[in-house]
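Here is how the chains run, residue by residue.
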Amino acid sequence: MKAAQKPGQEPVASLPARSSLPKLLSALFYGTCSFLIVLVNKTVLTVYRFPSPMFLGVGQMVTTILILYVSKLNKIIHFPDLDKSIPTKLFPLPLIYIGNHISGLSSIGKLSLPMFTVLRKFTIPLTLLLEIIILGKRFPLGIIISVFAIIVGALIAAGSDLAFSMEGYVSVLLNDVFTAANGVYTKQKIDPQELGRYGVIFYNACFMVIPTVLISFFTGDFQQATNFQQWTNVLFIFQFLLSCVLGFLLMCSTVLCSHYNSALTTAVVGAIKHGRRAEIFILGNTRTEQS
């Protein structure tokens, strides 16, 4: 016999669907932003041959800081004001972000595209492992088997390309570790009682923009950007600014996906774009060297 439903009470059957909708939409939002920024970056780095991917990253951080700060001033969003406890609450995310950024740039072009794509897939099991260790999560056996099936499938697909490069393998695997750690610690830090989603994005960008500018300057990336000949091209400027805005949206969508889902889900969605992103940066570097 069914229990009587109280007036105004929501049917129990609708609750799972309601709770799963934000998870699905946040994953789709993240996947869409990832896809769009790859297309725009392809235009900026290959069609216009912009030689400074790190400078582009600085532009994305500055855009993120400005949008979130103006939104906070207008009370559209809320996150804690800066105080001496913020670095402690955010640590070690800024260091992980630096490691992720540098190892990602250093890994480009050191391996063939198939092997690069395979090694980047190791981000998924590393994320699963770090969620177990750091967040104390427990995954069903079916999920664990599925994760390792992804790795085995990728290894089989790249079986015809077994070229070995110690420097390439180390840099890509380090990038995997930093990417997995970034996802897991982001999940840990977005507690609404602490920094919240927007606070994590804002303060991470604030703490990282100056070190990234310095790295860009000392590696010559900044000089290449300032000497670029297309700064008078309105279409290039539009694409550059669009990439900066999409960079902000990508950061927001990453945190949103991690908030509603697990870091593992975010890693799986992100793995879809790794091969395409590698191809774009490799093409960009090749065309820059040829010019």
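What counts and what doesn't
- Residues numbered from 1 in each chain as written.
- Predicted model: local features only at pLDDT ≥ 70, side-chain atom pairs only at ≥ 80, totals over all residues.
- Heavy atoms only, no water.
- Helix = DSSP H or I, 4+ residues; strand = E, 2+ residues; numbered from the N terminus.
- Buried < 20%, exposed > 50% of the residue type's maximum accessible area, 1.4 Å probe, protein only.
- Areas by Shrake-Rupley, 256 points an atom, 1.4 Å probe, with all protein chains shown as cover.
- Contact = heavy atoms within 4.5 Å.
- Core = buried A, V, L, I, M, F, W, Y, C linked by side-chain atoms within 4.5 Å.
- Expected span 1.5 Å × (residues − 1).
- Bend = angle between axes of the 7 residues up to and from the residue.
- Disulfide = S-S within 2.5 Å.
- Salt bridge = Lys/Arg side-chain N within 4 Å of Asp/Glu carboxyl O.
- UniProt positions renumbered as here; feature names shortened; annotations may be inferred.
- Axes fitted to C-alpha atoms, helices over the stretch in contact; angles between N-to-C directions.
- Left-handed = near helix turned anticlockwise from the far one by under 90°.
- Nonpolar A, V, L, I, M, F, W, Y, C, P; charged D, E, K, R; others polar.

Notes on the overall build of the chain
Regarding its fold elements, the chain presents twelve helices and zero strands. Counting from the amino terminus, helix and strand elements in the chain follow one another as α-α-α-α-α-α-α-α-α-α-α-α. Within the chain, the proportion of its 291 residues that are buried is 44%. Carbon together with sulfur atoms contributes 69% to the accessible area of the chain, which is approximately 15,600 Å² in total.

Notes on the environment of F236
The topology assignment puts F236 in helix α11 (residues 234–260). Assessed through its relative accessible area of 0%, F236 is described here as buried. Along the chain, F236 and Y48 lie 188 residues apart, while their C-alpha atoms are 7.1 Å from each other. Leaving out residues up to four positions away in the same chain, F236 has contacts with V44, Y48, F50, F228, Q230 and W231.

Description of the nonpolar core
Here is a general trend for soluble globular proteins: nonpolar side chains tend to be buried in one another's company. Counting residues in each nonpolar core, the largest one holds 22 residues, and the members touching the most others are L68 and Y203. With seven residues, helix α9 (residues 196–218) is the single largest residue contributor to this core. Once residues lying within four places of it in the same chain are set aside, the contact partners of Y203 are F79, P80, D81, L82, I86, L90 and L195. Grouped together as the second largest cluster of nonpolar side chains are 20 residues, Y30, V44, L56 and C257 included.

Remarks on α9
Between its first and last C-alpha atoms α9 spans 34 Å; for 23 residues at 1.5 Å apiece the expected length is 33 Å, and the two agree. If you look at α9, its biggest bend is around 35°, right at V209, and the proline P211 turns up within four residues after that. Of all the residues in α9, the buried ones are G196, G199, V200, I201, F202, Y203, N204, A205, M208, V209, T212 and S216.

Examining the state of the cysteines
One way to say it: the disulfide is the covalent bond shared by the sulfur atoms of two cysteines. Evaluated as defined, the whole model comprises zero disulfides. Cysteine C33 remains unbridged, with the sulfur of C252 as its closest cysteine sulfur at 8.5 Å.

Quick word on the pattern of salt bridges
With the rule as written, the count across this model stands at two salt bridges. Salt-bridge contacts for K72 lead to D81; the nearest nitrogen and oxygen are separated by 3.1 Å. By relative accessible area, which is 19% here, K72 ends up buried. Relative accessible area serves as the criterion here: at 53%, D81 is assigned to the exposed category. In this structure, E131 and K137 form a salt bridge, with 3.8 Å as the shortest nitrogen-oxygen distance.

Things to note about the UniProt feature "transmembrane region" (unreviewed entry) in the chain
According to UniProt, the feature "transmembrane region" (unreviewed entry) maps to residues 21–40, 52–70, 141–164, 201–222 and 234–256 in the numbering used here. Counting secondary structure, residues 21–40 comes out at 100% helix and 0% strand; the distance between its end C-alpha atoms is 28 Å. Between the end C-alpha atoms of residues 52–70 there is a gap of 27 Å, over a span that is 95% helix and 0% strand.

Remarks on the packing of helix α2 (residues 53–73) against α9
Put simply, α2 and α9 touch, their axes get as near as 9 Å, and they point 145° apart. In terms of crossing hand, the pair formed by α2 and α9 is left-handed. Judged by residue contacts, M54, F55, V58, M61, V62, T64, I65, L68 and Y69 of α2 engage Y198, I201, F202, A205, C206, M208, V209, T212, V213, I215 and S216 from α9. When the residues that make up the contact of α2 with α9 are grouped by side-chain class, the tally is 17 nonpolar, three polar and no charged.

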